Each structure stands twice: as C-alpha cells, then as structure tokens.
Amino acid sequence: MNFKIAVLPGDGIGPEVMAEGTQVLSQVARLYGFSVELEQGIVGGASIDAHGKPLIDPVLSLAKHSDAVLLGAMGGPKWDGLDYSIRPERALLALRQELGLFANLRPVKLFSALASASTLKREVVEGTDLLVVRELTGGIYFGQPKGITKLADGTERGVNTEVYTTPEIERIAHVAFRAAQKRRKKVTSVDKANVLEVTELWRKVVSRIHKNEGYAGIELEHILVDNCAMQLIRNPRQFDVLVTTNMFGDILTDEASVLAGSMGMLPSASLGEAGMGSSDVRRIGLYEPIHGSAPDIAGKGVANPIGTILSAALMLRYSLRLEEAAVCIEKAVDETITNGARTADLGGKLSTRQMTDEIIKYL
Ligand code: NAD
C-alpha cells in the first residue's frame with residue numbers, strides 16, 4: 001500500500017508541528033507495512049511571500065491528486081493588513097471549498113491524566129468525550145453579499161451574510177446522525193432559531209432528517225448557541241455529538257478545547273461526500289490541528305505537536321482506512337500523557353521535538 005499525502009505546513013508553528021506529525025506518520029507506516037509519499041506545498045503567508053497569493057494552482061492540484069492533505073496552520077501579524085481576498089486564511093477556505101470538504105469533525109476527548117491541566121475544575125471536565133460536527137463550506141464565511149462599502153455620508157458599512165440551503169443542512173445532519181450511531185446515540189443541534197431565520201430553517205431540516213431518514217434510535221435535542229456555550233463549560237458530559245453551523249462551530253470548538261487541557265491537543269478532519277459513504281471511492285480529506293499559527297510562540301520549539309499528531313491518526317482512520325494504525329497513534333499519545341510528558345501549554349517543560357520522541361517510544 002502506497003499513499004500520496006499532500007503536506008502543507010503553512011505559517012508560524014505550522015512547520016514545527018508538521019515536522020513532528022509527519023515523523024510519527026512515517027514511523028507508523030514502517031510498523032504497519034504501508035508507505036507514505038509526502039509531497040510538500042507552500043500555502044498561506046509563506047505562499048503570499050513567494051508567489052503573491054495564498055494558494056497557487058499547482059498546490060491546489062497537488063491537494064486534489066493526493067489521498068489526503070495534512071495541514072499545519074496559516075496566518076500571522078505579518079499579513080494582517082492585506083485585503084481579505086488575499087489573506088493567508090483564504091487558502092484554507094479555498095482548499096475546503098475546492099475539495100468539497102463540507103463536514104468538519106472535531107473530537108474533544110479529555111485524556112484523563114490531563115484533567116488537572118484544564119482551567120476548569122477536574123470534576124467538571126472529567127469524562128469529556130464529545131464530537132463537534134461543524135458545517136464547513138457554507139454559512140457566513142461564504143455568504144453573499146459581503147464586504148465593506150463607503151456610504152454617502154463618509155461612514156462605512158460592513159456586511160456578511162449567513163446563508164444555508166436545505167441540501168447543505170441535510171448532508172451535515174446525516175453526518176452527525178451517522179457519527180452518533182457509532183457513539184452514544186445522541187445529537188445536539190446548535191442554532192439561534194429564536195432570532196435568526198436561517199437557523200430556524202436549520203432546526204426544521206435537522207428535525208425532518210431525524211424523523212424521516214431512519215434515525216429513530218438517536219436522541220435529538222436542539223439548543224440555542226448562547227446556552228450551548230454555557231453548558232459546554234458547566235456540564236460537558238451531557239453532550240455526545242454536536243452539529244452546528246460554520247461560525248458557531250468555529251467558536252464553540254475553541255471554547256471546547258479548554259475541556260481537553262489545551263488548544264494544542266485537538267485534531268480535526270474535514271471530509272466531503274465520499275468520506276461519508278461506505279463504498280470504496282476516494283475519501284480525500286483534509287486533516288489539521290484546530291489551533292492557528294500561534295505567532296506568540298512560533299520559532300521557539302515549544303508548541304504542542306499533539307493536535308497535529310492526532311490529526312494524522314484521523315487521516316489514517318478516515319482517508320486511508322487504517323484503523324489499527326490510527327488507534328496505535330492515539331494509544332501512544334494517551335500513554336505518553338499518562339506517564340507525565342508535558343509541553344509548556346500543559347504546564348510542562350518538554351520541547352516540541354521531545355514530546356514527539358516520547359510519543360514515538362510508545363508506538
Ligand atoms: P492560535 O490558535 O494561533 O493561538 C491561540 C493561543 O493558543 C496562543 O496563545 C497560542 O500560543 C496557543 N496555542 C495554539 N496552538 C498551540 C500549540 N500547538 N501549542 C501550544 N500553544 C498553542 O490563535 P490566534 O492567536 O487567534 O491566531 C493566530 C493566527 O492564526 C491568526 O493569523 C489566525 O488567523 C490564524 N489561524 C489560523 C487557523 C488555521 O490555519 N486553521 C486557525 C485559527 C487561527
């Protein structure tokens with residue numbers, strides 16, 4: 001078995017954590033008898049510096065013709081002043097859209113040895129094991145009209161549009177219900193249906209899919225996003241699968257990262273239609289830690305590589321269908337943490353490289 005992986009390190013700590021993620025991946029490949037062909041591409045701010053734009057066609061083509069894409073992070077203060085249309089983060093939005101990756105899966109599972117690393121009380125976070133299914137290619141990050149216009153009186157007007165169509169909601173609802181079937185069989189749909197018509201439609205469509213499409217064995221509840229933000233840190237164990245819009249998912253998963261001890265711990269998988277079915281069509285997916293480029297610690301060698309390493313595990317699971325190899329990585333991370341290894345964000349002293357070396361020992 002030979003797999004072609006597009007490796008896009010990006011900016012800030014992206015290249016630092018990516019070096020560790022690919023190292024673990026190569027070790028696991030050796031252990032499980034498959035090979036990975038890692039082809040690098042530059043994206044984000046690094047691509048702006050080299051080519052004047054955040055994503056160039058050859059890199060997009062590399063991503064499209066790979067079995068999976070492993071991504072670091074993009075952006076940083078250096079490029080903050082640029083027009084939105086050419087900012088580093090645009091590359092990420094374009095990749096997701098061009099690859100049709102509409103479902104972002106963000107598991108938030110607390111390794112029990114880290115219960116005291118969270119700023120929340122141990123008794124609150126202990127046992128946290130939830131999955132956020134975030135819609136990724138619709139909503140306010142893509143809706144038209146958008147932009148900033150000058151008004152006649154000299155002031156300006158900024159606008160973005162939250163928009164969802166029935167098919168977009170249907171397909172993400174299916175992803176959430178199918179995921180719940182393999183977990184604790186509960187879906188919580190997060191919206192703001194008391195104020196926003198677009199999420200009134202969201203609630204209606206999710207309820208219809210639940211009722212009419214054979215998900216009777218799954219419990220469905222609806223919750224307003226403001227209440228959800230509060231419940232997540234009050235009693236996270238009540239949640240199994242959360243399904244929500246692009247922006248709400250973006251915000252809630254950063255909040256949820258606190259439950260897992262640190263932002264540096266959390267992986268994500270972005271999948272398209274083919275990633276969801278049971279046929280053997282190509283299951284391209286994009287895998288990345290949920291954190292950004294962390295300019296405040298970039299270049300210091302102290303970033304936590306676990307979010308990227310666990311993203312590689314998700315890649316093995318969803319795109320390469322190598323479940324045993326995926327579990328191997330997850331168990332190695334668990335044992336490493338259980339045995340006390342900690343980077344600075346978890347209150348320890350290990351460097352990025354030392355943390356990876358520890359994980360590799362347990363593979
Ligand atoms: P961030 O996630 O980069 O950092 C937030 C905080 O978490 C910082 O204090 C950082 O040091 C810490 N942190 C993040 N990852 C860590 C890790 N692996 N180990 C230890 N600590 C870690 O968010 P930000 O500061 O709001 O954004 C910085 C830049 O990243 C911005 O340009 C933003 O647009 C971009 N960004 C990119 C992505 C992406 O590429 N997917 C996602 C979010 C933000």
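These figures come from a predicted structure and were not determined experimentally.

What should I look at first to understand the site of the ligand in this one?
Lining the immediate environment of the ligand, one finds 22 residues, of which G75, G264, H291, G292 and N304 sit closest. Grouping the constituent residues of the shell around the ligand by class yields ten nonpolar, eight polar and four charged.

Is there a simple way to explain the nonpolar core in this structure?
Residues L70, V133, A176, Y287, A312 and I329 are the most contacted members of the largest nonpolar core, which totals 109 residues. With nine residues, helix α11 (residues 306-318) is the largest single contributor of residues to this core. Counting residues domain by domain, this core receives three or more from each of domain 1 (1-110 + 261-363) and domain 2 (118-260). The contacts of A312, once residues within four sequence positions are left out, are G21, V24, L25, L70, Y287 and I329.

Looking at this structure, I do not really get the pairing of strand β9 (residues 219-224). What am I missing?
If a strand is regular, its side chains alternate between the two faces of the sheet. In this structure, strand β8 (residues 186-191) lies alongside β9, joined through six bridges in parallel fashion. Bridge pairing in β9 places S189 opposite H222.

What should I look at first to understand the domain arrangement of the protein chain in this one?
How big an interface is tends to be stated in terms of the accessible area lost upon association of its parts. In terms of domains, the protein chain is made up of domain 1 (1-110 + 261-363) and domain 2 (118-260). The centre of domain 1, based on its C-alpha atoms, is set 23 Å off from the matching centre of domain 2. In this complex, domain 1 contributes 21 residues to the contact, which on the side of domain 2 involves 24 residues. For the side of domain 1 that touches domain 2, the secondary-structure elements that each account for two or more residues are α4 (89-98) and β4 (103-109). When residues in the side of domain 1 that touches domain 2 are grouped by element, the largest group, seven residues, is from β4.

Quick question: what am I supposed to make of the packing of helix α1 (residues 14-32) against helix α12 (residues 323-338) here?
Contact geometry of α1 with α12 gives a least axis separation of 10 Å together with a crossing angle of 130 degrees. If you check the angle between α1 and α12, you find them oblique. For the pair α1 and α12, the sense of crossing is right-handed. Along the contact surface, α1 presents V24, V28 and Y32, while α12 presents E324, A325, C328 and I329. Taken together, the residues of the contact of α1 with α12 sort by class into six nonpolar, no polar and one charged.

For this particular structure, what's the right way to read the environment of L286?
Its place among the elements puts L286 in strand β12 (residues 285-289). On a C-alpha basis, the gap between L286 and L101 in space is 7.7 Å, while along the polypeptide they are 185 residues apart. With residues up to four places along the chain from it excluded, the contact list for L286 reads V69, L71, L95, R96, L99, L101 and S270.

Any chance you could explain the sheet that holds strand β11 (residues 267-271) here in plain terms?
In a beta sheet, neighbouring strands pair by backbone hydrogen bonds and run either parallel or antiparallel. Spatial ordering of the open sheet is given by β2-β1-β3-β12-β11-β4-β5-β10-β8-β9, a layout of ten strands whose pairing is mixed. Two strands bound the open sheet, and with one partner strand each, they are β2 (35-40) and β9. Pairwise comparison of adjacent strand axes, ignoring direction, gives a mean angle of 25 degrees for this sheet. Pairing geometry for strand β1 (residues 2-10) and strand β3 (residues 68-73), over five bridges, is parallel. Residue pairing across strands places L8 opposite L71, the latter belonging to β3.

I'm lost on the pairing of strand β5 (residues 129-135) in this one. Help?
With six of seven residues buried, β5 is to be regarded as a mostly interior element. One ladder, built from seven bridges, connects β4 with β5; its direction is antiparallel. Note that in β5 the partner of K109 across the bridge is D129. For β5 and strand β10 (residues 241-244), the ladder comprises four bridges, and the chain directions are parallel. Bridge pairing links V133 to V243 in β10.

I would appreciate a short explanation of helix α9 (residues 246-257) in the present structure.
What sets the pattern is the α-helix's 3.6 residues per turn: residues three or four places apart point alike. Given a rise of 1.5 Å per residue, twelve residues ought to cover 16 Å, and the 17 Å separating the end C-alpha atoms of α9 matches this to within 8%. N246, F248, G249, L252, T253, A256 and S257 are the residues of α9 that are buried. The buried residues of α9 occupy an angular sector of 155 degrees when projected down its axis, which confines them to one face. Where the residues of α9 are buried, they touch β4, β5, β8, α8 (225-234) and β10.

Reading the values: the criteria
Residues numbered from 1 in each chain as written. Predicted model: local features only at pLDDT ≥ 70, side-chain atom pairs only at ≥ 80, totals over all residues. Near = placed C-beta within 6 Å. Nonpolar A, V, L, I, M, F, W, Y, C, P; charged D, E, K, R; others polar. Core = buried A, V, L, I, M, F, W, Y, C linked by C-beta atoms within 7 Å. Buried ≥ 20, exposed ≤ 12 C-beta atoms within 10 Å, placed from the backbone. Helix = DSSP H or I, 4+ residues; strand = E, 2+ residues; numbered from the N terminus. Domains from an automatic or database assignment. Contact = placed C-beta atoms within 7 Å. Pairing = 2+ DSSP bridges. Axes fitted to C-alpha atoms, helices over the stretch in contact; angles between N-to-C directions. Parallel < 35°, antiparallel > 145°, perpendicular 65-115°, else oblique. Left-handed = near helix turned anticlockwise from the far one by under 90°. Expected span 1.5 Å × (residues − 1). Arc of directions from axis to C-beta.

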